[in-house]
Amino acid sequence: MTVTGCRGFCYNPPMHYLIIGGGIAGTTAAETLRKLAAKCDITIISAERHPLYSRVMLPHYVSGKTPRERVFLKSPEWYNEQNIHLAFHTVVALEPASKTVTVDGGHTYSYDKLLIAGGGHVRHLPFDDGHIQHFQTVEDADAIVALIARLKNESHPAVGIIGGGFISMDFIKLFAPLGIATHVFLRNDRYFTPSFDVEMSHMLTEHLSEHGVVTHLQTEIASWDGSLAKTIGGGALPLHALTAGVGLICQYPWAKEAGVEVGHGIRTNEFLETNIKDVYAAGDCAEFFDVLIERHQQAGNWLNAQMQGQHVARVMHGERAPFHLVSSYSATMFGKPVVAVGCARHDVAEETVVRDSGDGRTLLFLHRGRLVGASMFNRPDDRAGATKLVEAKVDLSNRHGELADPEVPLLSLL
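Heads up: these notes are all about the structure in this document.

What counts and how
In this numbering scheme, every chain counts its residues from 1 along its sequence in written order. Confidence filtering applies because this is a predicted model: local features only for residues at pLDDT of at least 70, side-chain atom pairs given and counted only at 80 or more, and all residues used for totals across whole chains, interfaces and linings. Excluded from the side-chain calculations are hydrogens and water; all other atoms, namely the structure's heavy atoms, are used. Segments assigned H or I by DSSP are reported as helices when at least four residues long, segments assigned E as strands when at least two residues long, and all are numbered from the N terminus. Our radius of gyration is a C-alpha quantity, and the globule rule it is checked against amounts to 2.2 Å times the number of residues to the power 0.38. Contacts are assigned to residue pairs with any non-hydrogen atoms lying within 4.5 Å of each other. Areas reported as accessible are Shrake-Rupley estimates using a 1.4 Å probe. Residue values count occlusion only from the protein chains shown. The positive count covers Lys and Arg only, the negative count covers Asp and Glu only, and His and the chain ends enter neither. Taken as the charge location is NZ of Lys, CZ of Arg, CG of Asp or CD of Glu. Side-chain atoms within 4.5 Å link the members of a nonpolar core, which is a set of buried Ala, Val, Leu, Ile, Met, Phe, Trp, Tyr and Cys residues. Per-residue accessibility, obtained with a 1.4 Å probe over protein chains only, is compared with the maximum for each type, and a residue is labelled buried under 20%, exposed over 50%, and partly exposed between these values. A pair of strands is considered paired only if DSSP assigns at least 2 bridges between the two. Note on definitions: angles span 0 to 180 degrees between N-to-C directions of axes, and those axes are lines fitted to C-alpha atoms, for helices only across the stretch in contact. Cysteine sulfurs are considered disulfide-paired once they come within 2.5 Å of each other. Here a polar contact is recorded for every N or O atom pair within 3.5 Å, except that within protein the pair must consist of a potential hydrogen donor and a potential acceptor, and residues adjacent in sequence are included only if both atoms are side-chain atoms.

1. Some details on the overall build of the chain
Broken down by element type, the chain carries ten helices and 25 strands. Relative to the 2.2 N^0.38 estimate, which gives 22 Å for 414 residues, the radius of gyration of the chain is 23 Å and therefore close to what a compact globule would have. C-alpha atoms of the chain, sized along the principal axes, occupy 80 × 55 × 35 Å. Considering only contacts within the chain whose residues lie at least 6 apart along the sequence, 59% involve residues at least 24 apart. A total of about 18,900 Å² of accessible surface is found on the chain, and carbon and sulfur atoms cover 51% of it. The averaged location of the 45 negative side-chain charges in the chain is 5 Å from the averaged location of its 36 positive side-chain charges.

2. Re the nonpolar core
Counting residues in hydrophobic clusters, the biggest one holds 45 residues, and the most contacted among them are Val 62, Phe 135, Met 169, Ile 172, Phe 175, Tyr 191 and Leu 204. Excluding residues within four positions of it along the chain, Tyr 191 makes contact with Gly 164, Met 169, Val 184, Leu 186, Phe 196, Ser 201, Leu 204, Thr 205, Leu 208 and Thr 215. If you look at the next biggest cluster of nonpolar residues, it comprises 31 residues, including Ile 84, Phe 271, Ala 305 and Met 316.

3. Thoughts on the pairing of strand β4 (residues 91-95)
Summarising the sheet, β4 and strand β5 (residues 100-103) pair through four bridges and their orientation is antiparallel. Note on β5: the bridge partner recorded for Ala 93 is Thr 102.

4. Some thoughts on unusual backbone geometry
As a rule of thumb, non-glycine residues mostly have phi less than zero, and peptide bonds are mostly trans rather than cis. Non-glycine residue Asp 278 carries a positive phi angle of around 70°. Among the secondary structure elements, Asp 278 is positioned in the loop between β17 (266-267) and β18 (279-281). One non-glycine residue, Glu 294, lies in the positive phi region at around 60°. By secondary structure assignment, the location of Glu 294 is in the loop between β19 (286-290) and β20 (295-297). For Glu 294, a relative accessible area of 38% gives the class partly exposed.

5. Details of the sheet that holds strand β1 (residues 16-20)
Neighbouring strands of a sheet are bound in pairs by backbone hydrogen bonds; such pairs are parallel or else antiparallel. Read from one edge to the other, the open sheet built from five strands follows the order β3-β2-β1-β7-β18, with strand pairing classed as parallel. The open sheet has two edge strands, β3 (84-88) and β18, and neither has a second partner. Strand-to-strand twist in this sheet, taken as the mean axis angle between neighbours without regard to direction, amounts to 20°. One ladder, built from three bridges, connects strand β7 (residues 113-116) with β18; its direction is parallel. Opposite Leu 114, over in β18, you have Val 279 as the bridge partner.

6. As for the side chain of Ser 327
Positionally, Ser 327 belongs in the loop between α8 (302-317) and β21 (328-333). Aside from chain neighbours lying at most four places away, what touches Ser 327 is Ala 299, Asn 301, Asn 304, Ala 340, Val 341 and Gly 342.

7. Quick look at the state of the cysteines
In this structure the tally under the stated criterion is zero disulfides. Cys 250 takes part in no disulfide bond, and the closest cysteine sulfur to it belongs to Cys 285, at a distance of 6.5 Å. Accessibility expressed as a relative area gives 0% for Cys 285, which makes it buried.

8. A few points about the pairing of strand β25 (residues 370-377)
With eight of eight residues buried, β25 lies mostly within the body of the structure. Two strands pair when backbone bridges link them, and strand β22 (residues 336-342) and β25 are joined in this way by five bridges, in the antiparallel orientation. Counterpart to Ala 340 in the pairing with β25 is Ser 375. In the sheet, strand β24 (residues 361-367) pairs with β25 via seven bridges, with the strands oriented antiparallel. Paired with Leu 363 across the two strands is Ser 375, which belongs to β25. In sequence, β24 turns back onto β25 through a hairpin of two residues, with Arg 368 there showing a positive phi of about 55°.

9. Observations concerning the side chain of Thr 274
Secondary-structure assignment places Thr 274 in the loop between β17 and β18. Reaching out from Thr 274, the side chain makes a polar contact with the backbone oxygen of Val 279 at a distance of 2.8 Å. With sequence-adjacent residues up to four places away left out, Thr 274 is seen in contact with Val 260, Ile 266, Arg 267, Thr 268, Val 279, Tyr 280 and Ala 281.

10. What to know about the sheet that holds β5
Here we have three strands laid out as an open sheet, ordered β4-β5-β6, and antiparallel in their pairing. Every interior strand has two partners, whereas the edge strands, β4 and β6 (108-110), have only one. Direction aside, neighbouring strands of the sheet carry axes that sit 20° apart on average.

See the structure below:
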């Protein structure tokens, strides 16, 4: 509260920023706020009992390429040096009227401005009794290290992977090179269902099979007793371990109960503001209005979370600018890249243009004549051009022939 018209001493208390989530979005926001406002109060509430660590580096730790301690990006001392209070709690309630957040144990935190940046929670399958291995946290990585050590002691180890997205790609790259029989179970008829077509998925399937990976299409696991996986169709396969990468849940009941608009995630406008005054969202949990594709979307990747953390801090501090970034996901599968750029989704596109070079394939997703996203298998040269075309909002309505020609560089269409 600022006192106006006073005589003598006037006290203007520092702004108190409260951040829910200690990952890259929340921590980057806190770091940026500290640079913008040296005297403000900043508190991070983290459900994970660690300083910031890199989820991107977890596969490198599991594979032995990176020591565990290198995964951590911030030390406890850093928070003290930056005068950022890091508290380990789980949020249970939000009260916008009083501008307070209640955590487990009953403690209440007040705020002037609140950022929700807590990421998401692993989606569990109906028969998951806690023995299915997921891959999101550093504790998950520790468990996978122990699992691999155990599998190496088996005479003919076999592991199952449920799901056909980028987390499953991480599992494949960890298990298959070790000679572990690797089975992938896909509920649908392809990998990357929202972004691939059947032909592109077949290219990836064939490539993975050359490295010992068996893909089971349109096959759902019904149960697993620790040694035998049974499918809905009545089949059975002995497995020493079962893993899953079937997405995240980014819906916070306490936020919805407080009146925050929640869809697949915390819905925001282009400024990363929610419908509640002084409440913002960023990172994996934010279902933000993307000005480049002119619709709401979520982007669950490291760079997007980092850039949103920086941007939302500036908005919270008073800057008025929309967030925009062409997000991307990528994995290199035994030498061949898999990439998704922008909003690479069949359900968004009005038209899809195919670029096929025989050993690689790109799908270009167009909406209202503009490129809004692209997916690629083994066509790395298309990535930069697709990114620039999405960002530039170029009208491509009458250029389908050039788009479909694999020999025409996408950058030349700008």
